[in-house]
Amino acid sequence: MMRGRVLIPIVVLAALLMSIGLVRIMAGAGASPRSEFLAATMSTETVPDETPRWLVEISLPDGPPRVVTDRVDSMGRAVTVSCASCHSNFDANTSRRSADEPPMAFHQGLTFQHGNLSCVTCHNPDDYNALRLADGTRIEYRQVMESCAQCHAPQARDYERGLHGGMTGFWDRTKGPQKRKSCIDCHDPHAPKFPSMTPTFKPLDRFLEPTRPGD
Amino acid sequence: MSDSDKRTISLPVLGEVSRRTALKAGGATLGLAAFAAAVSPLAGLRGRLSAQELMQRHYKELSADDKAKIFERLENEAKERYGADVKIKDPKAIPGVRYGYAINLSVCNGNGACMEACHRENNHDRSTNQSYIRVFEMPIGTTDFKHGDSTYTHDVPREGKYYLPVQCFQCENPPCVDVCPVEATWQEEDGIVVVDYNWCIGCRYCQAACPYHARRFNWKEPQIPAEEVNPDQGYLSNRIRPAGVVEKCHFCLHRTREGRQPACLEACPTGARIFGNLLDPESEIRTVLRTKRVFVLKEELGARPTLFYFFD
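Keep in mind that what you see is a predicted model, and the values were worked out from it rather than measured.

What counts, and at which threshold
Residues numbered from 1 in each chain as written. Chains lettered and ligands numbered in written order. Predicted model: local features only at pLDDT ≥ 70, side-chain atom pairs only at ≥ 80, totals over all residues. Domains from an automatic or database assignment. Contact = placed C-beta atoms within 7 Å. Helix = DSSP H or I, 4+ residues; strand = E, 2+ residues; numbered from the N terminus. Nonpolar A, V, L, I, M, F, W, Y, C, P; charged D, E, K, R; others polar. Buried ≥ 20, exposed ≤ 12 C-beta atoms within 10 Å, placed from the backbone. Arc of directions from axis to C-beta. Pairing = 2+ DSSP bridges. Axes fitted to C-alpha atoms, helices over the stretch in contact; angles between N-to-C directions.

### Details of the domain arrangement of chain B
Residue and element names in this part refer to chain B.
Next, step 1: One can read the domain layout of chain B as domain 1 (51-88) and domain 2 (99-311).
Next, step 2: Distance from the C-alpha centre of domain 1 to the C-alpha centre of domain 2: 25 Å.
Next, step 3: On the domain 2 side, the residues contacting the 14 residues of domain 1 number 12 residues.
Next, step 4: Of all the elements in the fold, those that place two or more residues in the side of domain 1 that touches domain 2 are helix 5 (64-82) and strand 1 (87-89).

### Re the interface of chain B and chain A
Next, step 1: Each partner contributes to the interface: chain B provides 45 residues, whereas chain A provides 39 residues.
Next, step 2: Mapped onto the side of chain B that touches chain A, the elements with two or more residues apiece are helix 6 (113-121), strand 10 (273-277) and helix 11 (284-291) of chain B.
Next, step 3: The element that contributes the greatest number of residues to the side of chain B that touches chain A is helix 11 of chain B, accounting for four residues.
Next, step 4: Considering only residue class, the side of chain B that touches chain A consists of 12 nonpolar, 21 polar and 12 charged.

### Considerations on helix 11 of chain B
Next, step 1: Every buried residue of helix 11 of chain B is listed here: I285, R286, V288 and L289 of chain B. One side of helix 11 of chain B holds all its buried residues, which, seen down the axis, span an arc of 155°.

### Considerations on the sheet that holds strand 3 (residues 56-58) of chain A
Residues and elements named next belong to chain A.
Next, step 1: Taken in spatial order, the three strands line up as 3-9-8 in an open sheet, and their pairing is mixed. For this open sheet the edge positions go to strand 3 and strand 8 (167-169), each flanked by a neighbour on one side alone. Taking each pair of neighbouring strands and ignoring which way they run, the sheet shows an average axis angle of 20°.
Next, step 2: The pairing of strand 8 with strand 9 (residues 178-180) spans three bridges and is antiparallel. Within the sheet, the bridge partner assigned to G169 lies in strand 9 and is Q178.

Laid out in structure tokens, this is it:
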């Protein structure tokens, strides 16, 4: 629960930390074989780093999603509605674990394969424009990663260390910003297993027929 | 001067011709013809070799002025041959940086987006889908290439398999550099092993010496549509290479030396790739080495790769 609140400030605080002169002490001497292995190419001098760092931007939802209905507008586009437009009129069905049960008019195309969770494990039955944590605390959609981290601690830990999840931008944040994906960019929260993919590109050198003499 | 002397002088060969002389002359003529025939493909291969290019010295001997002229020539060639406006630069190694790369084999699913990103970023030949990366589908339980397959086209991941992307490991002790007879390939301060494509003679010793099949030979001049040429080019990295030279992954040095991530990392849809500075103890790559189960391929050979594999 603290994770998300730490993550974003980490980004902002990094510049502050650097400005007070975070001194980095090179590791390496006399530790594990791995660090000895690396020590050969590493200097052991301390490197004061006073360069401010660019921010890490994490792509997070701005707010609650729009829900696709079975209606289409005059242009043939699916009509979407906000969660609360219906859910403010209904009591929450806390036992519901699938979108396949009737009525089917809403949540079109939603497959649910996420353990044994129910809708309201993550969605907030008191306010469908928000989520909630296991202890009932209301969180915004922007804080969705806190919700994920409750169960997926190793992934959350690795994410904080920069070892999990895709990114683009700069490896060296003294030179430019970094943009990182959030949990739900890669994992559909309703069916989080990473999907099967079809390889779209193959180098042809090992099995290419000659296309012309000399090739 | 007698008449006989005149004859001898005016017809030196016919006058005293011996069988041996005739054979020598005939042999020389045939030999020349055979040599001309043998090298005729070269005429086509480097037909547009300019005097400036022919006289170009080794990269390390070039002054700033030399480089400016060479880059201008290469940019003009790219315009002439590919119709593309490219910019060739020569970023230097960043002091205090030694690059490391790590690939999470628990996450890589073999989709091959990295290969395609490399293909586009590095101006590879379109007809062969060349790339500096190969992703091998491996049976779980071995890291031996001979059990791997890079030609799979089925949906991934597959039960019982794992996926091993292989590219240049920028070894600390690179055997490919040792064998080059003309020093056309060397290791830079930041660990990246580079090739001077204009100095390489194409003998391919380095290709044979690399235990990881990381080097490629340009069998022909790359064909790339003008609109697909990546104009952001480095002299020692992704500029369009001539036919007949060896090339290899350079950790996208034209990007990474500006602080940017390599193209293959940005393209990876699974987030399996982690790149950074091995000399920075706070870097992600060092955190991988500190906290994960890490290995390198063929460690026993002592080449000391700086691309690591790890598991969650």
